[in-house]
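# Summary of structural features
Here's the letter readout for the chains.
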Amino acid sequence: MADLDPVHLRTFVAVAGQLGFSMAARRLGLSQSAVSRHVRALEAQVGRPLLERDTHTVRLTAAGEVFVGYARRILDLADEAVEVLGETGPRGRVRFGVSEDFAMTRLPDFLRRFTAVHPHIDLEFTVELSVVLHRLLRTGELDAVLAMRIDDTSGGDPFRSWPLFRDRQVWIGDRTSR
């Protein structure tokens, strides 16, 4: 069997969805005779009638009922492939470690912003103590870490560990507890 023409498949799916050649032709921006030619060519290719038609009605044959599901899947997969290849930006998975302090405070906002900018990056999170996260980063089990403490074992490697910000330490209490 020769390759199925996606134009013919799309035409057949439109006719099956509209149960009419005229409405499918309008939807596809084709003439009614072009829609008829596409369906006839597809039926000749698969070797079976896919539609029963008379002057007033169009119905799927038993073979058409089976085939329309395959046609939709083929078209969906083709559309997905074109969409994926046409998109730009990074793809893949990032294994990200975050300390519990940040997971409870800053992580939700970070996730919202990150997924809006990088929808095709899958984030895998590990929430742990800073010392554990740094060990997992050193052993290659994590790709990035947001932790409370800098890694003292990085040997000063600026690409392994650096502070994003520093908080000032303050003591809070009532005036009588001095």
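Look up: the structure comes first, before these words.
Residues numbered from 1 in each chain as written. Predicted model: local features only at pLDDT ≥ 70, side-chain atom pairs only at ≥ 80, totals over all residues. Heavy atoms only, no water.

Formed by 21 residues in total, the largest nonpolar core has its most connected members in Phe-12, Val-15, Phe-21, Leu-51 and Phe-67. Broken down by secondary-structure element, the contributors of at least two residues to this core are helix H1 (6–18), helix H2 (21–28), helix H3 (32–46), strand E2 (58–60) and helix H4 (62–86). Here this core gets six residues from one element, more than from any other, and that element is H1. Once you skip the residues sitting within four places of it in the chain, Phe-21 turns out to touch Val-15, Gln-32, Val-35, Ser-36, Val-39, Leu-51, Arg-53 and Val-58. (Core = buried A, V, L, I, M, F, W, Y, C linked by side-chain atoms within 4.5 Å. Buried < 20%, exposed > 50% of the residue type's maximum accessible area, 1.4 Å probe, protein only. Helix = DSSP H or I, 4+ residues; strand = E, 2+ residues; numbered from the N terminus. Contact = heavy atoms within 4.5 Å.)

With that settled, the discussion passes to the pattern of salt bridges. Enumeration according to the criterion identifies seven salt bridges in this entry. Two residues, Arg-10 and Asp-79, come together in a salt bridge whose shortest N-O distance is 2.9 Å. In this pair, Arg-10 is assigned in helix H1 and Asp-79 in helix H4, connecting sequence segments 69 residues apart. A salt bridge links Glu-43 to Arg-53, with the nearest nitrogen and oxygen atoms 2.9 Å apart. Taken as a pair, Glu-43 in helix H3 and Arg-53 in strand E1 (residues 51–53) lie far apart in primary sequence, 10 residues in all. Given a relative accessible area of 36%, Arg-53 falls into the partly exposed group. Taken together, the shared-partner salt bridges in this structure form one network comprising Asp-109, Arg-112 and Arg-113. (Salt bridge = Lys/Arg side-chain N within 4 Å of Asp/Glu carboxyl O.)

Looking now at the sheet that holds strand E4 (residues 121–128). The strand order E4-E3-E5 describes an open sheet built from three strands, whose pairing is parallel. Every interior strand has two partners, whereas the edge strands, E4 and strand E5 (144–146), have only one. Neighbour-to-neighbour, the strand axes of the sheet open up by a mean angle of 25°, direction not taken into account. Taken together, the eight bridges between strand E3 (residues 92–99) and E4 define a ladder with parallel strand orientation. Its bridge partner being in E4, Val-98 is matched across the sheet by Val-127. Packed onto the sheet, helix H6 (residues 107–117) meets E3 and E4 and runs at close to 170° relative to E4. (Pairing = 2+ DSSP bridges. Axes fitted to C-alpha atoms, helices over the stretch in contact; angles between N-to-C directions.)

With that out of the way, let us pick up the pairing of E3. Within a regular strand, side chains alternate between the sheet's two faces. Two elements, E3 and E5, share three bridges in a ladder whose sense is parallel. Of the residues in E5, the one forming a bridge with Val-98 is Leu-146.

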